[in-house]
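Fold and contact review
Read off the chains here:
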Amino acid sequence: MSTVGIIFTNLHGKNVPELVRLRTMGSVPFAGRYRLVDFVLSNMVNSGVTKVGIITKYNYQSLMYHVGSGKEWDLARKNGGLIMLPPYGAPTNDRLYSTRLEALKGVMGFLNRCKEEYVIMSDCDKVFNIDLDKAIEQHKATNADITLVYRRAVLTREEASQLSIIRTGEDGRVNELLVRPNLAGELDHLVNVVILRRQLLVTLVADAISHGFKSFEMDILAANTSRMRIFGYQYEGYYADLNSLAAYFKCSMDLLNEEVIDALFGQENRPIYTKVKDSPPTKYSANAKVKNSFIADGCYIEGTVENCILFRGVKIGKGAVVKNCILMQDTCIGADAELDCVISDKNVYVKDRRKLAGCETLPFFIAKGSMV
Amino acid sequence: MIHRKETIAMLLAGGQGSRLYALTSNIAKPAVTFGGKYRIIDFPLSNCINSGIDTVGVLTQYQPLVLNEYIGNGQPWDLDRTYGGVHVLPPYQAKKKSEWYKGTANAIYQNLHFINRYDPENVVILSGDHIYKMDYAAMVDFHNEHNADCTIAVIQVPMKEASRFGIMTADENGKIVEFEEKPKAPKSDLASMGIYVFRKDVLERYLIEDEADPKSSNDFGKNIIPNMLRDGKCMMAYRFEGYWKDVGTIDSLWHANMDLIGENPAMDLFDPPWPIHSRNPIEPPQFIAEEASVENSMLGGGCRVYGTVVNSLLSSGVTIGRGAVIRDSVIFANTVIGDGCVVDHSIIDENVVIEKDCKIGLPLKDKSKIAVIGRDCVVKEGSILLDDTMMEVDD
């Protein structure tokens, strides 16, 4: 059964402006050596998808560099493979698209040329390792028109106001879809993974264009719960929603736990692939004091590191004390510096003896390439 | 159709590496793990691509399965090419005869047709036995500048060690005047590194001549080089200065690993201008637990450390249990060391399970010998294995 994947990389960026200033949501670094798109791509290829279109809008240079030919996901292929879908539209329209529906309009050519029977669409703002085979099985078994992957959780009013909530019947059929409702409590919320027949998607998008519709969720999903067979597929497992800098911090710290590491990276036959770099193994000096930390390759640690996530190539100088921090690739912390609750983007240089601190709800964020 | 290459390399990777005992029972020496995430062959392969040599024949013979799979299509070293690239060359059955490689020279002789596909000016002969970084292009330039028929890379060794090597005596221009294999009374301190650059047509002629000699050992050092010297061919010594370490024995493999750690390591892997490429396993970052302690060590991806690791190298996916202490040791990939174990001065191969509360080896400071546990072994709970152990899974 053939499936093509569509990944939306630029949606939800407004939630973490610090991290998305110069990159797509899909390029946001996470978990020491990954980018958010890695989880989505890996989920897809792990269920046998061999063709994936990646929809991008702007700032997608680092994303393109990261996914490259798709080789690391076995997507450097003659048949299918990884296809970048940068903005495309009529010459008179020099405004970039702003909604999911408009993005889909822009890739109609791609969708029409595909021969695959099914489409899986996914956003890049949530981190989880899901067995999509099971979701597809359920989609076929229920004879669904559209399957929406959801998660059951206890949500605060504020959390629910950022999400789409569904109400399902006994059989799992979606009766109602509420976008950003004023609700709280145990709710079923969408995780932005949608499965449907490719032909149906093409029809729905073409129809939406002719009706001047604006929103995929409201005009296509919510409006059609009785006319179409829309079913929910429940995802149960570790899940991280990076919808704010504080959430990014908290979800990163979740990784300091063997169970979470296993849930994301230890699933049998469902590894998370990412771009490979030939970094040397991480080196610990005689003075290194490292506790409760998650550390990528190529680091050189000469100081104290506690409760941290270190990305590739991070250097911690002699006598430096770094606690509760997330330090992205090639960040360099000088000798005797003291950092607490700091998130540093790539290539940051913190000079000797600097003291920087934030707190869990407001981490101190240092932009890419800064020298402090 | 001939697609010409100016220089190609032939990498001799067929030897048994018998002095690595359990570590090479089931794999060829160039496939042995080194430096946490590498295999020995990563060094000559990376040297090739970094030197601009994009065509490499790798001659295998002994237990090549892991090596062949590891090399694959050569993509990790940028050696996956339309023309050229890396090619594994095992012995093969031909129309008239089939034979294993009889010696280093015979191995190249049997692959002359491979070499001739590229019609190179020069052929670089390498072995997969050493850890070093070297720009072969500089050596080939030197070879061409001197119009040499053969250039041999040499390194200065302490005089008292000289008897272990092939020793070159060269004149003030670098021209080799004498060569002695493992001499009792060495006349110079320049040792052959086993790295040669030959003019292709000269090499071909001597290989054919040597093959026809039934008394020959078909070896470069014992036959080809002395024959060329005897005939007055232009042979130059190319001096190499830098780190070069043989890793053919348990001791030297352990020492070479230890050369990678410390504040000023003898071999620095953090060297962007000369990267060492390898096939990377798919592992998440390493996890160092609250109760763990890691000092003066190097750890590969996916390791989980709950105990203490000092002066050691861990490859990818190694688990160190609570309360375990690892000192002065080298642990290969995916090995699990149980809670409460103490491992001193050891080399533990891949996929080994050491159940809890075992004691392996003796402390380095007690002048112990290295304990070796071969791949796939299971060491039962509470076992005590002293130093100088050589443990292997029985077939």
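Residues numbered from 1 in each chain as written. Chains lettered and ligands numbered in written order. Predicted model: local features only at pLDDT ≥ 70, side-chain atom pairs only at ≥ 80, totals over all residues. Heavy atoms only, no water.

**Notes on the overall build of chain B**
For chain B, the count of helices and strands is eight helices and 31 strands. Computed over the C-alpha atoms, the radius of gyration of chain B is 22 Å, within 12% of the 21 Å expected from 2.2 N^0.38 for a compact globule of 395 residues. When the backbone C-alpha atoms are referred to their principal axes, chain B occupies close to 65 × 50 × 40 Å. Expressed as a percentage of the 395 residues in chain B, the buried residues total 59%. A sequence separation of at least 24 residues applies to 59% of the contacts in chain B between residues at least 6 apart. Computed over 39 positive and 55 negative side-chain charges, the inter-centroid distance for chain B is 4 Å. (Helix = DSSP H or I, 4+ residues; strand = E, 2+ residues; numbered from the N terminus. Rg over C-alpha atoms; globule rule 2.2 N^0.38 Å. Buried < 20%, exposed > 50% of the residue type's maximum accessible area, 1.4 Å probe, protein only. Contact = heavy atoms within 4.5 Å. Lys, Arg positive; Asp, Glu negative; His and termini not counted. Charge placed at Lys NZ, Arg CZ, Asp CG, Glu CD.)

**Here's the deal with the sheet that holds strand β28 (residues 371-373) of chain B**
Taken together, the 11 strands give an open sheet; going across it, the order is β26(A)-β23(A)-β20(A)-β17(A)-β14(A)-β16(B)-β19(B)-β22(B)-β25(B)-β28(B)-β31(B), and neighbouring strands pair in mixed fashion. Strand pairing shows two members of the sheet lacking a second neighbour, β26 (349-350) of chain A together with β31 (390-391) of chain B, which therefore form its edges. Each of β19 (313-314), β22 (330-331), β25 (346-348), β28 and β31 of chain B is contacted by helix α8 (residues 250-258) of chain B, which is oriented at about 90° to β25(B), the strand it contacts most. (Pairing = 2+ DSSP bridges. Axes fitted to C-alpha atoms, helices over the stretch in contact; angles between N-to-C directions.)

**Points about the pairing of strand β1 (residues 3-8) of chain A**
Residue and element names in this part refer to chain A. Burial of β1 is extensive: six of the six residues sit out of reach of the surface. Burial along β1 is two-sided: Thr3, Gly5 and Ile7 facing one way and Val4, Ile6 and Phe8 facing the other are all buried. In terms of strand pairing, β1 meets strand β6 (residues 118-123) through six bridges, oriented parallel. Bridge pairing in β6 places Gly5 opposite Ile120. Inspection of the sheet shows β1 paired to strand β4 (residues 51-55) by five bridges, in the parallel sense. Residue pairing in the sheet places Gly5 in a bridge with Val52 of β4.

**Some remarks on the sheet that holds strand β21 (residues 321-323) of chain A**
Residue and element names in this part refer to chain A. Read from one edge to the other, the open sheet built from five strands follows the order β15-β18-β21-β24-β27, with strand pairing classed as parallel. Both outer strands of the open sheet, β15 (289-291) and β27 (355-357), are each paired with one neighbouring strand and no more. The average undirected angle you get between the axes of adjacent strands in this sheet is 5°.

**Some details on the interface of chain B and chain A**
On the chain A side, the residues contacting the 38 residues of chain B number 40 residues. Three residues stand out in chain B for area buried against chain A, namely Phe270(B), Pro285(B) and Phe287(B), and they jointly supply 21% of the buried area on that side. Between the two partners, chain B and chain A, sit three salt bridges. One salt bridge connects Glu263(B) with Lys318(A), and the closest N-O pair in it is separated by 2.9 Å. Counting across the chain B and chain A interface gives 19 residue pairs in polar contact (both at pLDDT 80 or more). For the side of chain B that touches chain A, the secondary structure elements donating two or more residues are β14 (286-288), β15 (293-295) and β16 (297-299) of chain B. Residue composition of the side of chain B that touches chain A, by class: 19 nonpolar, 12 polar and seven charged. Across three bridges, the pairing between strand β14 (residues 282-284) of chain A and β16(B) is antiparallel. Within the sheet, the bridge partner assigned to Thr282(A) lies in β16(B) and is Leu299(B). (Buried area = accessible area lost by both parts, 1.4 Å probe. Salt bridge = Lys/Arg side-chain N within 4 Å of Asp/Glu carboxyl O. Polar contact = N/O pair within 3.5 Å; in protein donor to acceptor, adjacent residues only side chain to side chain. Nonpolar A, V, L, I, M, F, W, Y, C, P; charged D, E, K, R; others polar.)

**Brief notes about the environment of Lys97(B)**
Residue and element names in this part refer to chain B. In this fold, Lys97 is placed in the loop between β5 (85-89) and α3 (104-109). Lys97 sits in the partly exposed class, given a relative accessible area of 47%. For the pair formed by Lys97 and His143, sequence separation is 46 residues and the distance between their alpha carbons is 36 Å. For Lys97, the residues in contact, after removing those within four places along its chain, are Tyr92 and Glu211.

**Overview of helix α5 (residues 136-145) of chain B**
Residue and element names in this part refer to chain B. Among all positions in α5, only Tyr136, Met139, Val140, Phe142 and His143 are buried. In an axial view of α5, the angular spread of the buried residues amounts to 155°, which keeps them on one side of the axis. Immediately downstream of α5, the backbone of Asn147 shows phi near 50°, a positive value. (Arc of directions from axis to C-beta.)

**Description of the pattern of salt bridges**
Considering all chains together, one arrives at 40 salt bridges over all chains under this definition. Glu350(B) serves as the salt-bridge partner of Arg375(B), at 3.4 Å between the closest nitrogen and oxygen. Placement of the pair is Arg375(B) in the loop between β28 and β29 (378-379) and Glu350(B) in the loop between β25 and β26 (353-354), with a sequence separation of 25 residues. No difference in accessibility class separates Arg375(B) from Glu350(B), as the two residues are buried. The network of salt bridges with shared partners includes Asp125(A), Lys126(A) and Asp241(A).

**Observations concerning empty space enclosed by the protein**
Applying the stated rule across the entire model yields five cavities of 30 Å³ or more. Space inside the largest cavity adds up to approximately 150 Å³. Lining of the largest cavity is provided by 15 residues; of these, Arg33(A), Asp297(A), Asn280(B), Pro281(B) and Gly301(B) occupy positions nearest its centre. Of the pockets and cavities examined, the second largest cavity occupies roughly 100 Å³. The wall of the second largest cavity is formed by 14 residues, among which Val40(A), Asn43(A), Ser122(A), Phe128(A) and Val193(A) lie closest to the centre. (1 Å grid on protein atoms, 1.4 Å probe; cavity = no way out; pocket = protein on both sides within 12 Å on 5 of 7 lines; lining within 4 Å. Points joined across faces, edges and corners; volume = space filled by probe spheres on them.)

**Quick look at a nonpolar patch on the surface**
A surface patch of nonpolar side chains, amounting to about 190 Å² of accessible area, comprises Val336(B), Val353(B) and Val378(B). Within the fold, Val336(B) resides in strand β23 (residues 336-337). (Patch = residues over 30% accessible without salt bridge, like charges linked within 9 Å, V, L, I, M, F, W, Y side chains within 5 Å. Areas by Shrake-Rupley, 256 points an atom, 1.4 Å probe, with all protein chains shown as cover.)

**Observations concerning the packing of aromatic side chains**
Between two aromatic rings, the relevant description is the distance of the centres plus the angle of the planes. A complete count under the given rule lists 21 aromatic pairs over all chains for this structure. When the ring of Phe30(A) is compared with that of Tyr248(A), the centres are 5.9 Å apart and the planes differ by 70°; the resulting orientation is edge-to-face. Of the two residues, Phe30(A) is situated in strand β2 (residues 29-30) and Tyr248(A) in helix α10 (residues 245-254); the sequence distance between them amounts to 218 residues. The same class applies to Phe30(A) as to Tyr248(A), namely buried. Taken together, a centroid distance of 6.2 Å and an interplanar angle of 70° make the contact between Phe287(B) and Tyr306(B) edge-to-face. A residue pair is termed long-range when its members are at least 10 positions apart, and Phe287(B) in strand β14 and Tyr306(B) in the loop between β17 (304-305) and β18 (308-310) qualify at 19 residues. For the residue pair Phe287(B) and Tyr306(B), the accessibility class agrees, reading buried in each case. By way of ring pairs, the aromatic residues Phe30(A), Tyr34(A), Phe39(A), Tyr248(A), Phe265(A) and Phe294(A) are connected into one cluster. (Phe/Tyr/Trp six-rings, centres within 6.5 Å; stacked < 30°, edge-to-face > 60°.)

**Considering α8(B)**
Counting buried positions along α8(B) yields seven of nine residues, so the element is predominantly enclosed. Of all the residues in α8(B), the buried ones are Ile250(B), Ser252(B), Leu253(B), Trp254(B), Ala256(B), Asn257(B) and Met258(B).

**A few points about the pairing of strand β12 (residues 230-234) of chain A**
Residue and element names in this part refer to chain A. Most of β12 is tucked away: four of the five residues are buried. Across five bridges, the pairing between strand β8 (residues 146-155) and β12 is parallel. Bridge assignment links Ile146 to a residue of β12, and that residue is Ile230.

**Looking at the confidence of the model for chain A**
On average, chain A scores 93 in pLDDT, and the residues at 70 or more come to 98%. Of all helices and strands in chain A, the one with the weakest mean pLDDT is helix α1 (residues 17-20) of chain A (86), whereas strand β19 (residues 309-310) of chain A scores best (98). (pLDDT = per-residue confidence, 0-100.)

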